[in-house]
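An overview of the molecular structure
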Amino acid sequence: MKLLEILDKKITNFEVHDEEDSHGGNVLQIAAKIGDRKIQFHGESVLHDKKTHWEINFSEEKADKKHTYELTGSGNEFAVFAFIKQCMEILINKHHPDTIYFTADKADGESRAKLYEKLLRKNLKGYNLRVNDDGSRQIKFILEKK
């Protein structure tokens, strides 16, 4: 089975919280239990020059309620990536952002950043992807509406 087919798996047990913040932007939070893991997607919008820009991140909530953005080796990684893809689709379908930003640490390994890049290039139609690797610890991903 190809990687992109694996990522088409749909996670059905998740909670969505979508609300307007005090500055007129939106906050979108989606949480799912995947195996023994609680994965959370978080996005916030900002309106600038009549365009909607979203900054997103995803994390795992640990037993102590703290969030980690690091690779944990906790398993179910394909289901987690499928869930992240699904969250991106929910964001796009609900809010039609002009731009979406997120970063990945290089310390977590180039392979995860490469997987993000492949996932985004192949699956999010209607958006162009730019990858900014400025030599720092992080790679910035920028999705712009075509």
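Here the structure is a predicted model, which means the values were calculated and not measured. (Residues numbered from 1 in each chain as written. Predicted model: local features only at pLDDT ≥ 70, side-chain atom pairs only at ≥ 80, totals over all residues. Heavy atoms only, no water.)

Turning our eyes to something else, we now look at the overall build of the chain. Helix and strand content of the chain: 3 helices and 8 strands. Counting from the amino terminus, helix and strand elements in the chain follow one another as α-β-β-β-β-β-α-β-α-β-β. Counting every position in the chain, which comprises 146 residues, the buried fraction comes to 40%. Restricting the contact set of the chain to residue pairs at least 6 apart, pairs at least 24 apart contribute 52%. (Helix = DSSP H or I, 4+ residues; strand = E, 2+ residues; numbered from the N terminus. Buried < 20%, exposed > 50% of the residue type's maximum accessible area, 1.4 Å probe, protein only. Contact = heavy atoms within 4.5 Å.)

Bringing the pairing of strand E7 (residues 127-132) into the picture now. Pairing between E7 and strand E8 (residues 138-145): 6 bridges, direction antiparallel. Opposite asparagine 132, over in E8, you have lysine 140 as the bridge partner. Connecting the antiparallel pair E7 and E8 is a turn made up of 5 residues, with glycine 135 showing a positive phi of about 90°. (Pairing = 2+ DSSP bridges.)

So, about helix H2 (residues 77-95). When the terminal C-alpha atoms of H2 are compared, their 27 Å separation across 19 residues agrees well with the 27 Å that a helix rising 1.5 Å per residue should span. The buried fraction of H2 amounts to 14 of the 19 residues, a majority that puts the element mostly inside the structure. Downstream of H2 by a residue or two, histidine 96 has a phi angle that is positive, lying close to 50°. (Expected span 1.5 Å × (residues − 1).)

Bringing the packing of aromatic side chains into the picture now. Following the criterion strictly, the structure yields 3 aromatic pairs and no others. With centroids separated by 6.4 Å and ring planes inclined at 55°, the aromatic side chains of phenylalanine 14 and phenylalanine 83 adopt a geometry described as tilted. Of this pair, phenylalanine 14 sits in strand E1 (residues 14-20) while phenylalanine 83 sits in helix H2; the two residues are 69 residues apart in sequence, bridging distant segments of the chain. Here phenylalanine 83 falls in the buried class, since its relative accessible area comes to 1%. Seen from their ring centres, phenylalanine 58 and phenylalanine 102 are 5.5 Å apart, and the 55° between their planes marks the pair as tilted. Taken as a pair, phenylalanine 58 in strand E4 (residues 51-61) and phenylalanine 102 in strand E6 (residues 99-105) lie far apart in primary sequence, 44 residues in all. Take phenylalanine 58: its relative accessible area is 15%, and that puts it in the buried class. An aromatic cluster is built from Phe58, Phe102 and Phe141, whose rings are joined through pairwise contacts. (Phe/Tyr/Trp six-rings, centres within 6.5 Å; stacked < 30°, edge-to-face > 60°.)

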